[in-house]
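Inside the fold
Listed here are the chains, written in short residue letters.
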Amino acid sequence: MLLLAGGVGMTSTMDDMNLLQQAQRHHLVVRELGEEIDLEIGPGDDDPAFSHNSLLAVQPHESSAKDHAGNKVMIASQIPNEDQDLSKSQTGKRKKKVVKRWREEWADTYKWAYVDVKDGTARIFCSVCREYGRKHRRNPYGNEGSRNMQMSALEEHNNSLLHKEALRLQQASKEKIIVDKPIYVKALMSKTAGSIVEAALRRDPHEIEFLQSVQEVVHALERVISKNSNYVNTMERLLEPERTIVFRVPWIDDRGETHVNRGFRVHFNQTLGPCRGGLRFHPTMNLSIAKFLSFEQTLKNALSPYRLGGSSGGSDFDPKGKSDNEIMKFCQSFMNELYRYLGPDKDLPSEEMGVGTREMGYLYGQYRRLAGHSQGSFTGPRVNWSGSSLRTEATGYGLVFFAQLMLADMNKELKGLRCAVSGSGKISMHVLEKLIAYGALPITVSDSKGYLVDEDGFDFMKISFLRDIKAQNRSLRDYSKTYARSKYYDEAKPWNERCDVAFPCASQNEIDQSDAINLVNSGCRILVEGSNMPCTQEAVDVLRKANVLVAPSMAAGVGGVVAGELELKECNLIWSPEDFESKLQDAMKQTYQRALKAATDFGYQKESPEALVHGAAISAFLTIATSMADQGCA
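A brief report on the enclosed structure follows. Residue numbers here run from 1 along each chain, matching the order of that chain's written sequence. It should be noted that, the model being predicted, local features are given only for residues of pLDDT at least 70 and side-chain atom pairs only at 80 or more, the latter also being counted only at that level, while totals for whole chains, interfaces and linings use all residues. Just so you know, side-chain values use all the structure's heavy atoms and leave hydrogens and water out.

1. Quick notes on the environment of E240
Heads up, the condition is: Numbering of helices and strands runs from the N terminus; a helix is a DSSP stretch of H or I covering at least four residues, while a strand is a stretch of E covering at least two. By the convention used here, residues are in contact when the closest approach between their heavy atoms is within 4.5 Å. Any N or O atom pair separated by 3.5 Å or less is treated as a polar contact, with the protein-specific requirement of one donor-capable and one acceptor-capable atom, and with residues adjacent in sequence counted only for side-chain atom pairs.
Considering the arrangement of structural elements, one finds E240 in the loop between α9 (230-238) and β6 (243-252). Those residues in contact with E240 that sit more than four places away from it in its chain are R203 and F268. Side-chain polar atoms of E240 contact the side chain of R203, separated by 2.8 Å.

This is the structure:
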């Protein structure tokens, strides 16, 4: 059997490999019975006929005295049928260049595959199922799509199917976990604050989103921790969730096939009271995201006018493309496990990405049947709500109210300002509504495929049209067919459009370093975080250096918490939109003032781009830390 060692690498050949790579020439070393077989791959023009050639070809030949490495394997796009072709291939170093672009990941891929000869032909075998080509109908996760494993090495790499499978296998491996990007650790931290981050890194080294959130909060708390060393222990206790629940969710689709997803719920901290937090149904959902969302929610709830603990959770289930019956079955199965941890004095979930009125209705119905009572309800549009729920509006409206408070301190207003908004879900649509009401000019929305810009700005009629497009699961591109002044850009983000205020409302880390540079160059001076942790740490550094004022999601997103508690605690009252907005504005003003006061108490200038970010984290942490100290270490 031929074991391909290009990805694993032999110690004795590493220096030679590095030198050859610098010369844009790559050698993959294959060992057979102690003999080295060298495969040379060099750059060259793509051969359009290459993709139609099916297999690696191995031609046996005699070793010459000059070849000290033993037998050589020749890679050929076609099996030579004539002796003349064979003699030509054996001249020189007996190596044949394959005119195909080299990719650095190629060698790493083959830690998860090996080459063997089958019926006189070299083939690439899966190291898990020991099958090749079309026999390998399923990968270890049960998904169709590994039909190209029979292709030659570089032909395979062109389509990247085996490479993608290798990455999935690496993620599942206990020996090595592959991270798409290295964890970015801030260097400018005090030694005391840095010790907290180092402890989190040692404990949960692969939870990227959670570690990023931890670093942002610890960075904001540096001055607090330096004044009281007892807060180091408090922070270390706070960073370990009180309860982490991970469970399987089996369900049956409309075709009768069984599927299994993974469910999460993290009760991060209940020092201030019962937990509140969202449920997210999205394919990317994992434990790291659940912990980061729960941690952010804990701080957000502590900053709100209510005494609440924080939680979050969800599943890697994707509701897109599923029928109502399939979603109902999944929600019921999800609640079969989770219901025992829920209750008005324990934890009540709310809407988040992928979870709307339909999903909450199914979840609450199953909870009521299993719990045997209807005390309390899940926050959000309620099944037994007698009046009109305004919770879905509250988060989006609250973001705009918060932006108006920031501008008022600068003796400015939203009227006439160009606003870039990302996302096209519930929060984004309500941000658009309130911006229009304040006289601003919202110009963008986005989805997973790209973004839409309307230079004339959106109005209420256009928003209604956008909602119809989303309700019918159509692309935002269809908007441009009706409004000629608009344009849809594929595979792009709205942050290079000229704007004064930005509202990222899509998902975490949607703004990277290049996006932040685009925002600064486009004239943006205020960024209001609608989604949790929308900026990468590199992007945050760019925005701070450019003096862009940032309203953190833990402060600007308090509106959803306020609405949920009003629904639960005053459920017999029917609020008018005016009364509700008045209460929401009061709550946002209290939150804004708390964050500013905490910032100024610890020496941050009101005009500083870090003031609200650090002030919000400081105020929330001190509230939780005081209660933790009062209640003792349990």
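2. What to know about helix α12 (residues 357-371)
Filter applied, for reference: How far a helix is expected to stretch is found by multiplying one less than its residue total by 1.5 Å. When a residue's accessible area, from a 1.4 Å probe over protein chains only, is under 20% of the maximum for its type it is buried; when over 50% it is exposed; and in between it is partly exposed.
Spanning 15 residues, α12 covers 21 Å between terminal C-alpha atoms, matching the ideal 21 Å at 1.5 Å per step. Restricting attention to buried positions, one finds in α12 the residues E359, M360, L363, Y364, G365, Q366 and Y367. Its buried side turned inward, α12 meets β8 (275-281), α11 (324-338) and β10 (347-350). Looking one or two residues beyond α12, the residue adopting positive phi is G372, at roughly 80°.

3. Here we look at the sheet that holds strand β13 (residues 444-447)
For the record, the criterion: Only strands that DSSP links by at least two bridges are regarded as paired with each other. Axes here refer to lines fitted to C-alpha atoms; in helices the fit is confined to the stretch in contact. Angles between the N-to-C directions go from 0 to 180 degrees.
Strand order in the open sheet made by the three strands is β13-β14-β15, with antiparallel pairing throughout. A single partner strand is all that each edge strand has here, and the edge strands are β13 and β15 (486-490). Going across the sheet, the axis of each strand differs from the next one's by a mean of 15°, ignoring polarity. Strand direction decides the pairing type here: strand β14 (residues 450-454) and β15, joined by five bridges, are antiparallel. Residue pairing in the sheet places Y451 in a bridge with Y489 of β15.

4. Let's talk about the pattern of salt bridges
What counts here: What counts as a salt bridge is simple: a side-chain nitrogen of Lys or Arg found within 4 Å of a carboxyl oxygen of Asp or Glu.
In total, this model carries 25 salt bridges according to the counting rule given. E240 is paired through a salt bridge with R203; the nearest N and O atoms lie 2.8 Å apart. Placement of E240 in the loop between α9 and β6 and of R203 in helix α6 (residues 191-203) is noted, with a sequence separation of 37 residues between them. When its relative accessible area of 36% is taken as the criterion, E240 is described as partly exposed.

5. Re the environment of L432
Mapped onto the elements, L432 comes out in helix α14 (residues 426-437). Taking the C-alpha atoms as reference, L432 lies 9.0 Å from C419; in sequence the two are 13 residues apart.

6. Section: the packing of α9 against helix α22 (residues 611-631)
Rules: Orientation is classified from the angle alone, with under 35 degrees giving roughly parallel, over 145 giving roughly antiparallel, 65 to 115 giving roughly perpendicular, and any other angle giving oblique. Each residue is assigned to one class: nonpolar for Ala, Val, Leu, Ile, Met, Phe, Trp, Tyr, Cys and Pro, charged for Asp, Glu, Lys and Arg, and polar for all the others, Gly among them.
It is at 11 Å that the axes of α9 and α22 come closest, and there the two elements cross at 95°. Here α9 is positioned roughly perpendicular relative to α22, judged by the angle of their axes. Where α9 approaches α22, its residues Y231, T234, M235, R237 and L238 are matched on the opposing element by F621, L622, I624, A625 and M628. Here the residues of the contact of α9 with α22 sort into eight nonpolar, one polar and one charged.

7. Some remarks on the nonpolar core
Selection criterion: By nonpolar core we mean a set of buried residues, namely Ala, Val, Leu, Ile, Met, Phe, Trp, Tyr and Cys, connected to one another through side-chain atoms within 4.5 Å.
Residues M235, F295 and F503 are the most contacted members of the largest nonpolar core, which totals 99 residues. For this core, the leading source of residues is α22, giving ten residues. Ignoring any residue separated from it by four or fewer positions in sequence, one finds F503 in contact with L399, V400, A403, C419, A420, V421, S422, V431, L435, W495 and V528. Counting residues in hydrophobic clusters, the runner-up holds 22 residues, among them F247, F334, M360 and Y367.

Any link to function would need more than the numbers given here.
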